[in-house]
Number of protein chains: 2
Amino acid sequence: MDEVKIIEIKKSIFADNQQDADALRKELKAKGVYLLNLMSAPGSGKTTTLIRTLNLLKDKLHIAVMEADIDSDVDAVKIQEATGIPSIQLHTGGMCHLDAEMTRQGLDNVDLEGIDLVILENVGNLVCPAEFDTGSCRNAMILSVPEGDDKPLKYPLMFSVCDLVVINKTDVMPYFDFDLEKCREYIRMRNPMAKVIPISAKTGEGVEAFAEWLLAEVKNWKNQ
Amino acid sequence: MDEVKIIEIKKSIFADNQQDADALRKELKAKGVYLLNLMSAPGSGKTTTLIRTLNLLKDKLHIAVMEADIDSDVDAVKIQEATGIPSIQLHTGGMCHLDAEMTRQGLDNVDLEGIDLVILENVGNLVCPAEFDTGSCRNAMILSVPEGDDKPLKYPLMFSVCDLVVINKTDVMPYFDFDLEKCREYIRMRNPMAKVIPISAKTGEGVEAFAEWLLAEVKNWKNQ
């Protein structure tokens, strides 16, 4: 197994992130590459979810992964070892989010030739990443059961910018006071169009629905 | 029960937050008020932990609570209803952290006459709040078992600025792959002086140790 590449991300110099994000999306479109920006709080199970999902998709799509973290390379190593999918680690050097230019710095280190799908695992944070368009085709987030069903009330922007909310750790639902219907209702309040997929990355339940959503998304992006 | 006051926090105009934080600490010292800055990721159980802890302390200390959130007033209402302790809600208007001036805006709305302890529940975020001294006497954080034992590796600054790490949700330890000794070791790597207290805010186990730590802290602060 190849060693994981670690990229030290530098602060952006672009004044207009929105313009830069739109430009990046156009470039990705021209290359036929679909970029998913995956966000969540720390410890929601992003990496475990990705491992399960990518193992379902890796025979159907050519995939690359960028793992953003303030420090450490544990996630990129885990993903590459468990799926064989090329993964790089982006070190944000204390920065709490990624914007389009920072995402581009990561993509510059990925061999995009023939790649259909790049997944960007954003910094674990429900606040700042929601404020910056990374240039991705879609935003998705993972909310885990132990965090509580009231999170859409407390982190409104995150839920309103996400096209998909994956609710993870449903296997521990019996041990937590988490009302799935109430949570769906709170998510609808923030974003009536958001799709909600409950999964357990531990048992694998529901992960197929997430994989199917991603597969359909990538196909639509290429055929649009 | 009185209604909970909601304060809309404005952006700070002070250039030097460190200087402002030191000044605030001096003012608090002169008034005999101990301020605890309590941080964590979203959904770690800060509010439930506070309710348990404050109910153990409310006959021994005069306490006030400031709940910071981007939106909603659910936490301040919950705390005031469950403990009878006066609580105000600070709305950060999308901002991901509090600094000293923002903390002061909150304190200006608390009647500090006779108060021994003010608890500031910071925005749920393991990144940005660690970068700003709020003027508190101590920083404490809650890490919950479902978030994983590797969090000190991923959020180094947060763990290095905290004098106390409360590890919450120990009651669900059997359902998660969380190694308490490994976690203690990672915390020590970031901050050899940090005290670690495992608790379950749900069952109450260990909460007394957190209450005793706080009581001793407040007494030391007054007698220094």
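Note that this is a predicted model, so its numbers are computed, not measured. (Residues numbered from 1 in each chain as written. Chains lettered and ligands numbered in written order. Predicted model: local features only at pLDDT ≥ 70, side-chain atom pairs only at ≥ 80, totals over all residues. Heavy atoms only, no water.)

### Looking at the interface of chain B and chain A
Stated formally: Residue contacts follow a heavy-atom distance rule, with two residues in contact if any of their heavy atoms lie within 4.5 Å. What gets called buried area is simply the loss in accessible area from a 1.4 Å probe that two parts show on being joined, summed for both. For this analysis, a salt bridge means a side-chain nitrogen from Lys or Arg found within 4 Å of a carboxyl oxygen belonging to Asp or Glu. In this text, helices come from DSSP runs of H or I with a minimum length of four residues, and strands from runs of E with a minimum of two, each type numbered from the N-terminal end.
Contact residues are listed per partner, giving 33 residues for chain B and 33 residues for chain A. For the chain B face of the interface with chain A, the top three residues by lost area are Pro42(B), Lys154(B) and Tyr175(B), together amounting to 24%. Across the chain B-chain A interface, the total number found is two salt bridges. Note that Asp75(A) and Lys154(B) form a salt bridge whose closest N and O atoms lie 2.7 Å from each other. At the level of elements, α3 (74-83) and α5 (151-154) of chain B are the ones that each hand at least two residues to the side of chain B that touches chain A.

### What about the environment of Ser160(B)?
Residue and element names in this part refer to chain B. Relative to the elements of secondary structure, Ser160 occurs in helix α6 (residues 156-161). Sequence separation between Ser160 and Pro192 is 32 residues, and the spatial gap between their C-alpha atoms is 8.7 Å. Residues within four places of Ser160 in sequence aside, it is in contact with Arg190 and Asn191.

### Observations concerning the environment of Thr134(B)
Residue and element names in this part refer to chain B. Note the threshold: Residues adjacent in sequence count toward polar contacts only when both atoms are side-chain atoms; beyond that, a polar contact is any pair of N or O atoms within 3.5 Å, and within protein one must be able to donate a hydrogen and the other to accept it.
Its location among the elements puts Thr134 in the loop between β5 (117-121) and β6 (138-144). Each C-alpha atom of the pair Thr134 and Leu24 lies 8.4 Å from the other, and the pair is 110 residues apart in sequence. Those residues in contact with Thr134, other than ones at most four positions away along the chain, are Ala21, Leu24, Asn37, Leu98, Asp99, Ala100, Thr103, Leu120 and Asn122. Within the local environment of Thr134, its side chain forms a polar contact with the backbone nitrogen of Ser136, the two atoms lying 3.3 Å apart.

### Description of the packing of helix α1 (residues 17-31) of chain B against helix α4 (residues 100-107) of chain B
Residue and element names in this part refer to chain B. Filter applied, for reference: To get an axis, fit a line to the C-alpha atoms, keeping to the stretch in contact for a helix; angles then go from 0 to 180 degrees between the N-to-C directions. Side-chain classes follow a simple rule in which Ala, Val, Leu, Ile, Met, Phe, Trp, Tyr, Cys and Pro form the nonpolar group, Asp, Glu, Lys and Arg form the charged group, and the remainder, Gly included, forms the polar group.
Between α1 and α4, the least distance of the axes is 8 Å, while the angle of their chain directions is 35°. Contact residues: Asn17, Asp20, Ala21, Ala23, Leu24, Glu27 and Leu28 in α1; Ala100, Glu101, Thr103, Arg104 and Leu107 in α4. Taken together, the residues of the contact of α1 with α4 sort by class into six nonpolar, two polar and four charged.

### Focus on helix α7 (residues 180-190) of chain B
Residue and element names in this part refer to chain B. Keep this limit in mind: Per-residue accessibility, obtained with a 1.4 Å probe over protein chains only, is compared with the maximum for each type, and a residue is labelled buried under 20%, exposed over 50%, and partly exposed between these values. The arc in question is traced by the directions running from the helix axis to the C-beta atoms.
Buried residues of α7: Cys183, Tyr186 and Ile187, and no others. An end-on view of α7 places all buried positions within 100° of arc, on one side of the element. If you follow the buried residues of α7, they end up packed against β6, α5, α6, β7 (164-168) and β8 (195-198). The backbone nitrogen of Glu181 lies 3.1 Å from a side-chain oxygen of the residue at the head of α7, namely Asp179.

### Quick look at the packing of aromatic side chains
For clarity, the threshold we go by: For this analysis, a ring pair means two rings from Phe, Tyr or Trp (six-membered ring only for Trp) whose centres lie within 6.5 Å, classed as stacked if their planes differ by under 30 degrees, edge-to-face if by over 60, and tilted for the remaining angles. Comment: the charge-over-ring label is applied if NZ (Lys) or CZ (Arg) is within 6 Å of the ring centre and within 35 degrees of the ring normal.
A full pass over the atoms with the stated rule returns six aromatic pairs over all chains. Centre to centre, the rings of Tyr175(A) and Tyr175(B) are 3.7 Å apart; their planes meet at 10°, and the pair counts as stacked. With Tyr175(A) in the loop between β7 (164-168) and α7 (180-190) and Tyr175(B) in the loop between β7 and α7, the pair connects residues from two separate chains. For Tyr175(A), a relative accessible area of 30% gives the class partly exposed. With 6.3 Å between their ring centres and 85° between their planes, Tyr34(B) and Trp221(B) make a pair best called edge-to-face. You can see Tyr34(B) sitting in strand β2 (residues 34-40) and its partner Trp221(B) sitting in helix α8 (residues 207-223), a full 187 residues away along the chain. In this structure Tyr34(B) comes out as buried when scored by relative accessible area, which is 1%. The lysine or arginine in question, Lys29(A), covers the ring of Trp221(A), its NZ or CZ lying 4.9 Å from the ring centre.

### Section: helix α2 (residues 46-57) of chain A
Residues separated by three or four positions in an α-helix point in the same direction, a consequence of the helix having 3.6 residues per turn. In plain terms, the rule: For a helix, the expected span equals 1.5 Å multiplied by the number of residues minus one.
A rise of 1.5 Å per residue sets the reference length of α2(A), with its 12 residues, at 16 Å; its end C-alpha atoms lie 16 Å apart and thus fit the reference within 8%. Those residues of α2(A) that sit buried are Lys46(A), Thr47(A), Thr49(A), Leu50(A), Ile51(A), Thr53(A), Leu54(A) and Leu57(A).

### Some details on the sheet that holds strand β3 (residues 63-69) of chain B
For sheets, the rule is that strands pair by backbone hydrogen bonds, running either parallel or antiparallel. Residues and elements named next belong to chain B. The line we're drawing: Pairing between strands requires that DSSP locate at least two bridges from one strand to the other.
A sheet is described by the order of its strands in space; here eight strands give the open sequence β1-β4-β3-β5-β2-β6-β7-β8, paired in parallel fashion. Across the chains shown, the open sheet's two edge strands, defined by having one partner strand only, are β1 (5-8) and β8. Put simply, the sheet's adjacent strands are angled 20° from each other on average, direction ignored. Sheet analysis places β6 next to β7, joined by five bridges and oriented parallel. Residue pairing across strands places Met141 opposite Val165, the latter belonging to β7. Relative to the sheet, α3 contacts β3, β4 (87-91) and β5, its axis offset from that of β4 by approximately 175°.

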